[in-house]
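Summary of the model geometry
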Amino acid sequence: MSIVTVQLGQCGNQIGHEVFSALCSDIRGTHGLCSKEENESYQESSKERFFSQEESGVPAARAVLVDMEPKVISQTLSRAASSGHWKYNSHSHFCQKQGSGNNWANGYCVHGPRHKEAIMELVQKEAEKCDRLGGFFTIMSMAGGTGSGLGAFVTQCLRDAFPTSFLLNHVIWPYGTGEVIVQNYNSVLTLSHLYHSSDALLVHENDVIHKICAQLMNIKQISFRDVNQVIAHQLGSVFQPTHTAGGGSGYSRNPLGDLLEPLVPHPEFRLLGLRNIPQMPESSLAFSSFSWPGLLKHLRQILIAKAHMEEGIDWQVRPPGSSIPSTNKPLHFNTSIANLVILRGKDVHSVDLGSFQDPSLYTSWLNPQDAFSAWKTPRAFNKYEKSAALVSNSQFLLKPLDSIVGKAWNMFASKAYLHQYTKFGIQEEDFLDCFTTLEQVISSYTNL
């Protein structure tokens, strides 16, 4: 099944380009460490998911690019074409001249309705090119105007136009210190609207990825491109083909459905976090070797201690009821609803994942057998001999969500900048509805 990607705004288009570049270089890699048949079936499966075959022989990304100013889209199109290995379709992008000025209401209330038909026609054309449509994957930021406001509008249009398709939103959480003074408003409006129309939100926090670039990748002057490449690597490690538990011998046919069905068992809980291990500069890979027990021990502790990466994990955090007494348990322990672990590389089929099925990691209302799933493939990903990814529906995002809602509420209470939203038609009641939605989400995750 194929996935149509919708890249929204500057952030969405720049990340989208890095995602397709990472997928393409992985498909072309000869470092698969697996049999020729396995490698060929992996490559075919990945191409069907993300690229359509063009007459020119160069695969074209199954993507629609949307932005309200032309600069980023034209850069993105030309960078993809100049790679020679893949490209975007020349007619699958939509841009205007004026931008949204970091104003969510401008993107949602003005640009969205005005350009709805043109954008949805592009999406419809991409969807019709798929032999079997598996669903939609949107990429957007929460802080700006186009990605967030127009992105929330387009997500609702996708839900209306394709009511039975899976819809996963990839959302970039803004830096805590902030690039945009109204980013907390934009974020609250985006999250609450997506919560009503999307199947799940897969979130990357800029602050976390920035730390990974600095501490694990040893990058001195970190650019947005560095951040986006780490995000693209993590997304690729989830979306490239794998064998699912009940899927027989072939590669999974329905990537979004296989991801969302076990991870989102209840509509109140739609926030997914993503962690990857190991992560290091390519130059270090040749000098590193990893064992599965070591990788999984770290990954499990990252999960239960809400760590951001394999450095700086708090090893004192223990699951409730474990034999070693731990004083700070109730504060820091991360309760999960559902987890998915994806293993790629050597010897995956002999790996013991029992430690992730421990009932104390999960909420009491789900059977641990249903709450945990694993995907595996002997095909290595992106030059890593062994790598593991964790997609988790848990309390990972509770603290950042609480913080962003709190900051937005403080501004709202003093009516700061509200006139910028009301002039485009977002009223105080709309804000209050959004706060109510997110307060309910916070309360649900807190009470796990």
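Residues numbered from 1 in each chain as written. Predicted model: local features only at pLDDT ≥ 70, side-chain atom pairs only at ≥ 80, totals over all residues. Heavy atoms only, no water.

- Within an unreviewed UniProt entry, the label attached to the protein chain reads Tubulin delta chain, and the organism entered is Sterrhoptilus dennistouni.
- In its Cofactor (unreviewed entry) section, the UniProt entry covering the protein chain states "Mg(2+)".
- Under the Sequence similarities (unreviewed entry) heading, UniProt states for the protein chain: "Belongs to the tubulin family." (UniProt positions renumbered as here; feature names shortened; annotations may be inferred.)

1. A few points about the pattern of salt bridges
- In total, this model carries twelve salt bridges according to the counting rule given.
- For Arg132, the salt bridge goes to Glu48, with nearest N and O atoms at 3.3 Å. Taken together, the positions of Arg132 in the loop between helix H4 (104-129) and strand S7 (133-141) and Glu48 in helix H2 (residues 36-50) put the pair 84 residues apart, joining distant regions of the chain.
- Exposure remark for Glu48: the relative accessible area of 23% places this residue in the partly exposed category.
- What you see here is one network of salt bridges that share partners, running through Glu18, Arg79 and Arg225. (Salt bridge = Lys/Arg side-chain N within 4 Å of Asp/Glu carboxyl O. Helix = DSSP H or I, 4+ residues; strand = E, 2+ residues; numbered from the N terminus. Buried < 20%, exposed > 50% of the residue type's maximum accessible area, 1.4 Å probe, protein only.)

2. Some thoughts on the nonpolar core
- Grouped together as the largest cluster of nonpolar side chains are 136 residues, with contacts concentrated most on Phe239 and Val391.
- When near neighbours in sequence (up to four residues on either side) are disregarded, Val391 contacts Leu202, Val238, Leu259, Leu263, Leu272, Gly273, Leu274, Ala338, Asn339, Leu340 and Ile342. (Core = buried A, V, L, I, M, F, W, Y, C linked by side-chain atoms within 4.5 Å. Contact = heavy atoms within 4.5 Å.)

3. Concerning the sheet that holds strand S5 (residues 87-88)
- With mixed pairing, three strands are arranged side by side in an open sheet as S2-S3-S5. Both edges of this open sheet fall to strand S2 (51-52) and S5, since each of them pairs with a single strand only.
- Here two bridges tie strand S3 (residues 60-61) to S5, and the two strands are oriented parallel to one another. What sits directly across from Ala60, in S5, is Lys87. (Pairing = 2+ DSSP bridges.)

4. Some words on the side chain of Arg344
- Considering the arrangement of structural elements, one finds Arg344 in strand S11 (residues 336-345).
- Buried within the structure, Arg344 lacks any salt-bridge partner; Asp26 is the closest side chain of opposite charge, at an N-O distance of 6.1 Å.
- In this structure the side chain of Arg344 is engaged in a polar contact, spanning 2.7 Å, whose partner is the backbone oxygen of Gln240. (Lys, Arg positive; Asp, Glu negative; His and termini not counted. Polar contact = N/O pair within 3.5 Å; in protein donor to acceptor, adjacent residues only side chain to side chain.)

5. Things to note about the pairing of strand S4 (residues 63-67)
- Within S4, five of the five residues are buried, leaving the element largely enclosed by the surrounding structure.
- Alternating residues of S4 divide into Ala63, Leu65 and Asp67 and Val64 and Val66, and every residue in both groups is buried.
- Relative to S4, strand S1 (residues 2-8) runs parallel, the two being bridged by four bridges. Bridge pairing in S4 links Val6 to Val64.
- Where S4 lies against strand S6 (residues 93-95), three bridges are found, and the strand directions are parallel. Residue pairing across strands places Leu65 opposite His93, the latter belonging to S6.

6. With respect to unusual backbone geometry
- The omega angle of the peptide bond from Ile277 to Pro278 is -10°, so this bond is cis rather than trans.
- Within the chain, Lys415 stands out as a residue other than glycine whose phi angle is a positive 60°.
- Looking at the secondary structure, you find Lys415 in the loop between helix H14 (398-413) and helix H15 (419-422).

7. Section: the domain arrangement of the protein chain
- Assigned domains within the protein chain: domain 1 (2-272), domain 2 (277-322 + 330-395) and domain 3 (399-447).
- At the interface, 29 residues of domain 1 touch 25 residues of domain 3.
- The contact between domain 1 and domain 3 buries some 2,400 Å² in all, and 74% of this surface belongs to carbon and sulfur atoms.
- Considering only the surface of domain 1 that becomes buried against domain 3, Asn184, Tyr185 and Val188 emerge as the three largest contributors, covering 29% of it.
- The tally of links between domain 1 and domain 3 comes to zero salt bridges.
- Between domain 1 and domain 3 we count nine residue pairs in polar contact (both at pLDDT 80 or more) in total.
- Contributions of two or more residues to the side of domain 1 that touches domain 3 are made by H4 and helix H6 (183-197).
- Sort the elements by how many residues they give to the side of domain 1 that touches domain 3 and H6 lands first, with eleven residues. (Domains from an automatic or database assignment. Buried area = accessible area lost by both parts, 1.4 Å probe.)

8. Things to note about the packing of H6 against helix H16 (residues 428-446)
- Their axes nearest at 9 Å, the elements H6 and H16 cross at an angle of 70°. Judged on the interaxial angle alone, H16 and H6 are roughly perpendicular. Across from Tyr185, Val188, Leu189, Leu191, Ser192, His193, Tyr195 and His196 in H6, the residues of H16 making contact are Phe431, Cys434, Phe435, Thr437, Leu438, Val441 and Tyr445.
- Tallied by class, the residues present in the contact of H6 with H16 amount to eleven nonpolar, four polar and no charged. (Axes fitted to C-alpha atoms, helices over the stretch in contact; angles between N-to-C directions. Parallel < 35°, antiparallel > 145°, perpendicular 65-115°, else oblique. Nonpolar A, V, L, I, M, F, W, Y, C, P; charged D, E, K, R; others polar.)

9. So, helix H3 (residues 70-83)
- The first and last C-alpha atoms of H3 sit 21 Å apart over 14 residues, in line with the 20 Å expected at 1.5 Å per residue.
- Along H3, the positions that sit buried rather than exposed are Val72, Ile73, Thr76 and Ala80. Down the axis of H3, the buried side of the element spans an arc of 100°, and every buried residue falls inside it. Exposed side of H3, more than 90 degrees from the buried face: Lys71 and Ser82 are the residues found there.
- Looking at the buried positions of H3, the neighbouring elements they touch are S1, helix H1 (9-28), S4, S5 and S6. (Expected span 1.5 Å × (residues − 1). Arc of directions from axis to C-beta.)

10. A few points about the sheet that holds strand S12 (residues 372-377)
- On the basis of which strands lie adjacent, the open sheet formed by ten strands has the order S6-S4-S1-S7-S8-S9-S10-S13-S11-S12 and mixed pairing. The open sheet has two edge strands, S6 and S12, and neither has a second partner. The sheet shows a mean angle of 20° between the axes of neighbouring strands, taken without regard to direction.
- Against the sheet, helix H9 (residues 255-263) engages S1, S7, strand S8 (166-173), strand S9 (200-205), strand S10 (271-277), S11, S12 and strand S13 (386-394), with an angle of about 75° to S8.

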